[in-house]
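Observations on the model geometry
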Amino acid sequence: MDKFIIRKPSKTTAEKRKRKADGAPKVEDADSPEEGQGTQEKKPRPAPATDAPWKQIRAEGLNCDYKILFGKAEADRLFQELEKEVEYFDGQLTKLHIFGKWHNIPRKQVTYGDPGLTYTYSGVTFSPKPWIPVLDRIRDRLRLATGHTFNFVLINRYKDGRDHMGEHRDDEKELAPRSPIASVSFGAPRDFVFRHGASRGRNPSRRLGPVKLLLEHGSLLLMNFPTNRDWYHSLPTRRKVLAPRINLTFRKVVALQASPSGTDAPR
Ligand SMILES: O=C(O)CCC(=O)C(=O)O
């Protein structure tokens with residue numbers, strides 16, 4: 001495994017962004033469902049934000065912040081609620097169009113978000129389902145922790161370590177320029193690998209080593225610009241992992257005109 005830099009958190013990074021979050025609700029408000037959404041269920045007790053420290057993950061062109069966002073009890077509850085409430089795509093939306101062929105996606109996935117947005121990758125255009133209370137609560141917590149408001153989330157469910165995601169960059173044109181992507185994980189911890197774009201392939205022009213992280217239950221990985229311009233990432237197969245995992249990547253998406261299918265790599 002190659003080295004990477006984890007810096008001690010400084011007052012100028014994530015915590016500062018958190019403080020700068022204009023109008024961010026107090027933590028006690030974060031568990032309130034939004035008006036008009038399912039309020040029948042018993043309201044979960046507000047949970048305090050964990051005070052786990054941020055870790056800065058840095059390499060050339062790689063700028064990420066990582067922390068445990070939800071303590072174990074809350075992460076367990078959220079995982080169960082996601083298992084119960086999230087409805088994954090089926091039919092044609094479970095396939096990818098790569099180099100003229102359709103392939104089954106090696107995991108389940110779905111998108112939720114603001115109405116009218118779309119997101120195209122690997123030849124498939126996804127329209128988001130409307131937000132549900134559990135996603136609203138996670139999104140609110142992210143706003144508190146990062147100061148960013150996200151309008152779209154891609155959810156991936158990996159039934160075990162055979163499910164995976166191939167190497168890719170999140171550089172779709174629908175993403176707001178330079179916006180961060182917040183990746184929240186629940187369930188089985190999984191390895192996550194970054195590889196620099198210029199260090200891939202048979203004749204790489206650079207020799208930067210991969211950066212490998214373990215994404216833990218309840219964790220947040222904030223991928224800041226230019227990470228997704230310069231580095232690819234993947235969730236490799238891990239045969240020894242027997243338990244499921246759910247990952248949510250919250251994004252800032254802008255409305256675009258429809259365009260021809262992309263030709264990016266399989267995931
Ligand atoms: O499951 C993960 O952690 C990877 C998700 C990912 O790479 C993506 O949504 O682009």
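Where an unreviewed UniProt entry is consulted, the protein chain appears under the name DNA oxidative demethylase ALKBH2, with the organism given as Pogona vitticeps. Looking at the Cofactor (unreviewed entry) heading of the UniProt record, one finds this comment for the protein chain: "Fe(2+)".

**Observations regarding unusual backbone geometry**
With an omega dihedral of 5°, the bond running from F225 to P226 counts as a cis peptide bond. As for its placement among the helices and strands, P226 is situated in the loop between β14 (219-224) and α4 (227-230). Although it is not a glycine, R178 sits at a positive phi angle of roughly 65°. When the 11 C-beta atoms within 10 Å are taken as the criterion, R178 is described as exposed.

**Overview of the site of the ligand**
L154, N156, M165, D170, S183, F192, L215, H233, L235, N247 and T249 make up every residue found near the ligand. Within the residue set of the shell around the ligand, elements represented by two or more residues are β9 (152-158), β15 (231-235) and β16 (245-251).

**A short note on the UniProt feature "binding site: 2-oxoglutarate" (unreviewed entry) in the protein chain**
The UniProt feature table records "binding site: 2-oxoglutarate" (unreviewed entry) at N156, Y158, H168, D171, H233, R245, T249 and R251. Examined against the element boundaries, D171 turns out to sit in the loop between β10 (165-168) and β11 (181-187). By the C-beta count within 10 Å, which is 14 here, D171 ends up partly exposed. Tracing the chain through its elements places T249 in strand β16. The partly exposed category is assigned to T249, around which 19 C-beta atoms lie within 10 Å. Ignoring anything within four residues of it in the chain, the contact list for T249 reads V153, L154, I181 and S183.

**Considerations on the pairing of β16**
In terms of burial, β16 is largely enclosed, as 6 of its 7 residues are buried. Note: β9 against β16, 7 bridges, orientation antiparallel. The partner of Y158 across the bridge, within β16, is R245.

What counts and how
Residues numbered from 1 in each chain as written. Predicted model: local features only at pLDDT ≥ 70, side-chain atom pairs only at ≥ 80, totals over all residues. UniProt positions renumbered as here; feature names shortened; annotations may be inferred. Helix = DSSP H or I, 4+ residues; strand = E, 2+ residues; numbered from the N terminus. Buried ≥ 20, exposed ≤ 12 C-beta atoms within 10 Å, placed from the backbone. Near = placed C-beta within 6 Å. Contact = placed C-beta atoms within 7 Å. Pairing = 2+ DSSP bridges.

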